[in-house]
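In case you want the letters, here they are:
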Amino acid sequence: MIELKQQIQSKVKTDLDKQQREFLLNQQLRTIQEELGGSPNEHDIKELQEKAAKKKWSKEVQEVFDRELKKLERTNPQAAEYGIQLNYLQYLVDLPWMDYTKDNFDLKRAQKILDADHFGLDKVKERIIEHLAVLKLKNDMKAPILCLVGPPGVGKTSLGKSIARALNRKYVRMSLGGVRDESELRGHRKTYIGAMPGRIIQNLRKVKSGNPVFVLDEIDKVSGNNISGDPQAALLEILDPEQNSTFYDNFMELDYDLSKILFIATANTLSTIHPALRDRMEIIDINGYLREEKYEIAKRHLIPKQLKEHGMTAQQIAFPKDIVMQIIDDYTREAGVRNLERRIADVMRARAKDVVMEQSDERKVTVDELRKVLGVPMHHDEDEVRHSMPGVATGLAWTSVGGEILSIEVSLSRGGGHLSLTGNLGDVMKESATIAYEFIKAHSSLLEINPEVFDAWNVHVHIPEGATPKDGPSAGITMLAALTSAFTQRKVKSQLAMTGEITLRGRVLPVGGVKEKMLAAKRNGVTDIVLSIDNERDIKDIKEEYVNGLNFHYVKNMLEVIELALEKEQDQNDLDYNKYLLNLRTEVIGFKNS
């Protein structure tokens, strides 16, 4: 018994000595740290606990926080893991888990703000007001994922700011142009040194709100699948209203609710967006502006903005309507208004110099001043669509920066019946030219063309502006009209443009981008447009002011195109082409006989 008693006492004494030793050392360490300016570990933990006490978050997040905080308490502040652990906990307490800003449901105020900031864009404004109305009635609704598609400079990005102001929400903009690493969106795992959450979580921490208006700019410029993963695949969860309530970030290792965020994506074209991603978004097309709309935008927004930026007043410079219209028509040719703003700024700078040097008392901008500052007009409307010789036709093309007109020129020369194509054409466009040429050869008797001509003449098709790549099937009927015009020497009617895909059977198929093409036609003084009968529904969807002054001719087959597009009689002032063909026939027949 005595031996057992001694053993127990010895063990207790050893434990007590060890505890006293540790306590003594810890007290000394604490005193030294206090002398040096306090324990960083203790200060960090206290700060985190204070922040956590004020947070509104779920039980699950609270449990994770408590567990990770205990881990931090046990970690040596000198260890590399300490920094990562501290960073993780700081993100946990800084994120707005259930912190939402209150929406302003005054629909009339929202409508006023949207109208004041942007002229036109009725479709988008209507959609936002509808969303607000439903939100007001239900008070809890999954936010839609809107995708604004349109040419540059029409106000897609700035619209996000207006929507945030109308809803009384915080505004976040994240540019996706050139993002090629999936971890930029989903974050890195905590095990890596310098690990960070994705940019979605980072932006939410910065904005301190769980329901901001989040603009994903240039979503069509995101890189596809590569060695760093596929960012587009990461966007599939973020931009799905059914899934984004449980968004998983690799760094946070917790589900985060993104469903209250109003995501607005912007893009110039849908063609480069992954089909599955496109399916998750509500596509809203924003088209280019009419001349009249550009004038209103210049008057209400651009001129006041530039006056402020140049330190000038309305008493020092004024832009009459005819001057603004002249800048729009003669010096800018675009779907948006960025170039228009630059030209207005050019005129303002020149006037600012005159005001400072006291060289001008004139208030209104004059035509002479405009010419002096901006030079000779850069664009001439009528030249492109006035066909002065056979073999030239005008087509309508769609580009990511809006609609454009496209001249197609055909030249014939003595040779062996070869078809040459120039002008930086893509494969689809080359195929359209070949189909048009073969159709003319197959239907030469209907078109009153001598079939022997095809073996004795070379055909050269050229589309000007050779430095610009061109592709797509919509120039099919324009190629057909230009080739037929060259072979029959009947001119294509002036101020007429066309767009449509052709088939070898002679059908004319519908094409896309009709609204942009109509705006391009109006800008360039076109009065008549030939297109497929299936495109009639697209024309009916366009507002009346967009197509006012345009005559539409709907066709089913290629022979109708030729009938509509070409002048009935040959011009006597042109080279007597019939005589030329007669000589050629004599030559060919004579050669055969010999």
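Residues numbered from 1 in each chain as written. Predicted model: local features only at pLDDT ≥ 70, side-chain atom pairs only at ≥ 80, totals over all residues. Heavy atoms only, no water.

1. Side note on the overall build of the chain
When you go through the chain residue by residue, the secondary structure sums to 24 helices and 16 strands. A compact globule built from 594 residues would reach a C-alpha radius of gyration of about 25 Å, whereas the chain, at 35 Å, exceeds it by more than 25%. With the principal axes as the frame, the chain shows a C-alpha extent of 140 × 70 × 50 Å. Taking all 594 residues of the chain together, the buried fraction comes to 47%. (Helix = DSSP H or I, 4+ residues; strand = E, 2+ residues; numbered from the N terminus. Rg over C-alpha atoms; globule rule 2.2 N^0.38 Å. Buried < 20%, exposed > 50% of the residue type's maximum accessible area, 1.4 Å probe, protein only.)

2. Here's the deal with the nonpolar core
Counting residues in each nonpolar core, the largest one holds 52 residues, and the members touching the most others are Leu92, Ile219 and Leu239. Per-element tally for this core: the top contributor is helix H4 (residues 80-94), with seven residues. Those residues in contact with Ile219, other than ones at most four positions away along the chain, are Leu176, Leu235, Leu239, Ala265, Thr266, Ala267, Ile273, Leu277 and Met281. Counting 49 residues, the second largest nonpolar core, distinct from the first, contains Leu114, Ile163, Val215 and Leu370. (Core = buried A, V, L, I, M, F, W, Y, C linked by side-chain atoms within 4.5 Å. Contact = heavy atoms within 4.5 Å.)

3. Describing helix H13 (residues 321-331)
For H13, the tally of buried residues reaches nine of 11 residues, placing the bulk of the element in the interior. Of the positions making up H13, those classed as buried are Ile323, Val324, Met325, Gln326, Ile327, Ile328, Asp329, Asp330 and Tyr331. Contact partners of the buried residues in H13: helix H12 (291-309), helix H14 (338-356) and helix H15 (367-374).

4. Thoughts on the side chain of Glu293
Among the secondary structure elements, Glu293 is positioned in helix H12. With relative accessibility at 9%, the residue Glu293 sits in the buried group.

5. Observations concerning the confidence of the model for the chain
In low-pLDDT segments, the atomic positions of the prediction should not be examined closely. On average, residues of the chain score 84 in pLDDT, and 92% of them reach the 70 mark or higher. The model gives residues 588-594 a pLDDT under 50, and that stretch makes four contacts with residues more than four places away or in other chains. (pLDDT = per-residue confidence, 0-100.)

6. Regarding unusual backbone geometry
For Lys208, which is not a glycine, the phi torsion comes out positive at approximately 55°. With respect to the secondary-structure elements, Lys208 resides in the loop between helix H9 (199-207) and strand S3 (213-217). On the accessibility criterion, Lys208 (59% relative accessible area) is exposed. With a phi close to 55°, Glu448 is a non-glycine residue in the positive phi region. Considering the arrangement of structural elements, one finds Glu448 in the loop between helix H17 (427-442) and helix H18 (453-456).

7. Points about the pattern of salt bridges
Within the structure shown, the criterion is met by 28 salt bridges. The partner of Asp103 in a salt bridge is Arg169, with the nearest N and O atoms 2.8 Å apart. Of this pair, Asp103 sits in the loop between H4 and helix H5 (107-117) while Arg169 sits in the loop between helix H7 (156-167) and strand S2 (171-175); the two residues are 66 residues apart in sequence, bridging distant segments of the chain. One network of salt bridges, with partners in common, ties together Glu47, Lys51, Asp94 and Arg205. (Salt bridge = Lys/Arg side-chain N within 4 Å of Asp/Glu carboxyl O.)

8. With respect to a negative patch on the surface
A grouping of Glu60, Glu63, Asp66 and Asp255 is seen on the molecular surface, where their side chains present a negatively charged patch. The element contributing the most residues to the negative patch is helix H3 (residues 59-74), with three residues. Topologically, Asp255 is positioned in strand S5 (residues 255-256). Taking the relative accessible area as the measure of exposure, Asp255 reaches 43% and is therefore partly exposed. (Patch = residues over 30% accessible without salt bridge, like charges linked within 9 Å, V, L, I, M, F, W, Y side chains within 5 Å. Areas by Shrake-Rupley, 256 points an atom, 1.4 Å probe, with all protein chains shown as cover. Lys, Arg positive; Asp, Glu negative; His and termini not counted. Charge placed at Lys NZ, Arg CZ, Asp CG, Glu CD.)

9. Concerning the environment of Gly506
Inspection of the secondary structure puts Gly506 in the loop between strand S13 (501-502) and strand S14 (508-509). Measuring from C-alpha to C-alpha, the distance between Gly506 and His443 comes to 9.9 Å, with 63 residues separating the pair along the chain.

10. Quick look at the packing of H4 against H9
As a packed pair, H4 and H9 sit with axes 9 Å apart at the nearest point and diverge in direction by 60°. One way to sum up the angle between H4 and H9 is to call them oblique. Along this stretch, H4 crosses H9, giving a crossing that reads as left-handed. When H4 is examined against H9, the residues Gln90, Tyr91 and Asp94 are found in contact with a partner set consisting of Ile201, Gln202 and Arg205. Classifying every residue of the contact of H4 with H9 by side-chain character gives two nonpolar, two polar and two charged. (Axes fitted to C-alpha atoms, helices over the stretch in contact; angles between N-to-C directions. Parallel < 35°, antiparallel > 145°, perpendicular 65-115°, else oblique. Left-handed = near helix turned anticlockwise from the far one by under 90°. Nonpolar A, V, L, I, M, F, W, Y, C, P; charged D, E, K, R; others polar.)

11. Quick look at the environment of Arg363
Mapped onto the elements of the fold, Arg363 is located in the loop between H14 and H15. With 52 residues separating them in the primary sequence, Arg363 and Gly311 have C-alpha atoms 15 Å apart. Apart from residues no more than four positions distant in its own chain, Arg363 is found in contact with Ala314, Gln315, Gln316, Ile317, Ala318 and Arg351.

12. Considerations on the side chain of Lys294
When you line up the elements, Lys294 lands in helix H12. Dropping the residues within four chain positions of it, Lys294 is found in contact with Tyr289, Ile328, Glu334, Ala335, Gly336, Val337 and Leu340.

13. Topic: the sheet that holds S2
Strand-to-strand pairing in sheets goes through backbone hydrogen bonds, with the strands running parallel or antiparallel. Across the sheet, five strands lie side by side as S2-S3-S6-S1-S7; this open sheet has parallel pairing. Bordering the open sheet on either side are S2 and strand S7 (282-285), each of which pairs with just one other strand. Pairs of neighbouring strands in the sheet enclose a mean axial angle of 20°, with direction left out of account. Pairing of strand S1 (residues 145-149) with S7, which is carried by four bridges, proceeds in the parallel orientation. Note on S7: the bridge partner recorded for Leu146 is Glu282. (Pairing = 2+ DSSP bridges.)

14. Details of the environment of Ile440
The residue Ile440 is located in helix H17 in this model. For the pair formed by Ile440 and Leu559, sequence separation is 119 residues and the distance between their alpha carbons is 9.7 Å. With residues up to four places along the chain from it excluded, the contact list for Ile440 reads Leu447, Ile449, Phe454, Leu480, Leu483, Thr484 and Phe487.

15. Describing H9
Of the residues making up H9, those classed as buried are Ile200, Ile201, Asn203, Leu204 and Val207. Here the buried residues of H9 occupy an arc of 165° about the axis, which is enough to place them on one side. (Arc of directions from axis to C-beta.)

16. Comments concerning the packing of aromatic side chains
Going through the model one piece at a time under the given rule, you end up with nine aromatic pairs. Put simply, the rings of Tyr88, Tyr91 and Phe251 pair up and form one aromatic cluster. Against the face of Tyr88 rests Lys190, its NZ or CZ located 3.9 Å from the ring centre. Positioned over the ring face of Tyr91 is Arg205, at 4.0 Å from the centre of the ring. (Phe/Tyr/Trp six-rings, centres within 6.5 Å; stacked < 30°, edge-to-face > 60°. Lys NZ or Arg CZ within 6 Å of the ring centre and 35° of its normal.)

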